[in-house]
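Coordinate analysis (summary)
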Amino acid sequence: MSAGHKPRVGIIGTGAIGGFYGVMLARAGFDVHFLLRGEFSAVAERGLQLNHAVQGQLTLNPVQAYANGEDLPPCDWLLVGAKATSNPDLAPILISAAAPGARVLLLQNGLGVEEALRPLLPESIHVLGGLCYICAYRSAPGVIEHQALGAVNLGYHSGPASDAAARQAIVEEGSAMFREAGLDSQAMPDLGQARWQKLVWNVPYNGLSVLLKASTAPLMVNDSSRQLIQALMAEVVRGAEACGHGVPTGYAEHLFKVTEKMPDYWPSMYHDYLHKRPLELAAIYAAPLAAAKAAGCELPRIEALYQALSFIDRHND
């Protein structure tokens, strides 16, 4: 991409995450194209509405919307907002929509999502991981409710970048794109460590929201659930350290306090459960459990939570 040229961006999966970042990038002047499935008609007719916690109601209309992936134009950046459970089905879409030297950025939770997708893509495509720190959900077709936060941190996973400097330049390019849209974004030197750190929040709050049918506010005011959250966080930290990814001292306590101050929030896994979609158990629970076990570290509370959620998932269709 030449200097001064704004990249063309494809949003693969226009739910709460893809819709939020896509709208913000489009409003900043980027050429953004949105792939939708069930909500295509509503968005084509009425556009995308983002009810932003700070900026109020933001509307993008018309929207460059597509019902079929093969209709997308060649994109420099492909932002995957779909759940990790759908990644194998997305590979053909990503390949057909990739411009030469395209960057695929997985805005997904969990561990190993890049490793699972990488073999399905040609080596000419760069794969990056994006960790979203945001409270947002979809309230209606084409309507996204943003409650708080919005940062997205990027790390390079794999691709044709030949050395550390080239990889860093691509990550910085992506972060700069989000910062131009008014969002906090940082380049992460160690994607594996960053994904483990994100699990410190995702493992307890996503799973317990489904298991206990509770959003963050009630989970944070009950002594029993508070203790369980802290115990699960401590296990994630132990698993990360066993796998060679040290978590900064006090990081779990920091996330715990941040959640106390957040607006009441239903994590994304609860919305998947409510709408009878598959839960992201492989990426958020099975992969870190397997990695920790391979490193000689058992995580019994996370294992028990995973087993309970697996039962719920199997009986929720």
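This section reports on the structure supplied with the text. (Residues numbered from 1 in each chain as written. Predicted model: local features only at pLDDT ≥ 70, side-chain atom pairs only at ≥ 80, totals over all residues. Heavy atoms only, no water.)

Before going further, it helps to examine the overall build of the chain. Along its length, the chain carries 12 helices and nine strands. Rg of the C-alpha trace for the chain: 19 Å, near the compact-globule value of 20 Å for 317 residues, within the 12% margin. Counting all 317 residues of the chain, 55% fall into the buried class. Pairs at least 24 apart in sequence give 70% of the contacts found in the chain among residues at least 6 apart. Taken as a whole, the chain presents about 13,400 Å² of accessible surface, with 53% of it coming from carbon and sulfur. Charge-centre separation for the chain: the mean point of 23 positive side chains lies 3 Å from the mean point of 29 negative side chains. (Helix = DSSP H or I, 4+ residues; strand = E, 2+ residues; numbered from the N terminus. Rg over C-alpha atoms; globule rule 2.2 N^0.38 Å. Buried < 20%, exposed > 50% of the residue type's maximum accessible area, 1.4 Å probe, protein only. Contact = heavy atoms within 4.5 Å. Areas by Shrake-Rupley, 256 points an atom, 1.4 Å probe, with all protein chains shown as cover. Lys, Arg positive; Asp, Glu negative; His and termini not counted. Charge placed at Lys NZ, Arg CZ, Asp CG, Glu CD.)

Tallied over the full model, the rule gives six aromatic pairs. Look at Y270 and Y273: their rings are 6.0 Å apart centre to centre, the planes differ by 50 degrees, and that puts the pair in the tilted class. Residue Y270 and its partner Y273 are both found in helix α10 (residues 268-274); the two are separated by three residues, about one turn of the helix. Among the residues examined, Y273 registers a relative accessible area of 17% and is labelled buried. Measuring from ring centre to ring centre gives 6.5 Å for Y285 and Y306, while their planes differ by 15 degrees; the resulting arrangement is stacked. Pair noted here: Y285 is in helix α11 (residues 281-294) and Y306 is in helix α12 (residues 300-314), with a separation of 21 residues, a long-range link. What makes Y285 buried here is its relative accessible area of 0%. (Phe/Tyr/Trp six-rings, centres within 6.5 Å; stacked < 30°, edge-to-face > 60°.)

Further remarks concern the pattern of salt bridges. Tallied over the full model, the rule gives nine salt bridges. Two residues, E39 and R138, come together in a salt bridge whose shortest N-O distance is 3.3 Å. Taken together, the residues span a long stretch of sequence, with E39 in the loop between β2 (31-35) and α2 (40-46) and R138 in strand β8 (residues 126-140) at a distance of 99 residues. Two residues, E260 and R226, come together in a salt bridge whose shortest N-O distance is 2.6 Å. Note that E260 is positioned in helix α9 (residues 251-261) and R226 in helix α8 (residues 223-242), a separation of 34 residues in sequence. Given a relative accessible area of 40%, E260 falls into the partly exposed group. Within this structure, K83, D272, R277 and E280 form a network of salt bridges that share partners. (Salt bridge = Lys/Arg side-chain N within 4 Å of Asp/Glu carboxyl O.)

Moving on, we get to the side chain of N153. Positionally, N153 belongs in strand β9 (residues 143-158). Looking at N153, the relative accessible area reads 13%, which means it is buried. A polar contact of 3.1 Å, which involves the side chain of N153, links it to the backbone nitrogen of Q186. (Polar contact = N/O pair within 3.5 Å; in protein donor to acceptor, adjacent residues only side chain to side chain.)

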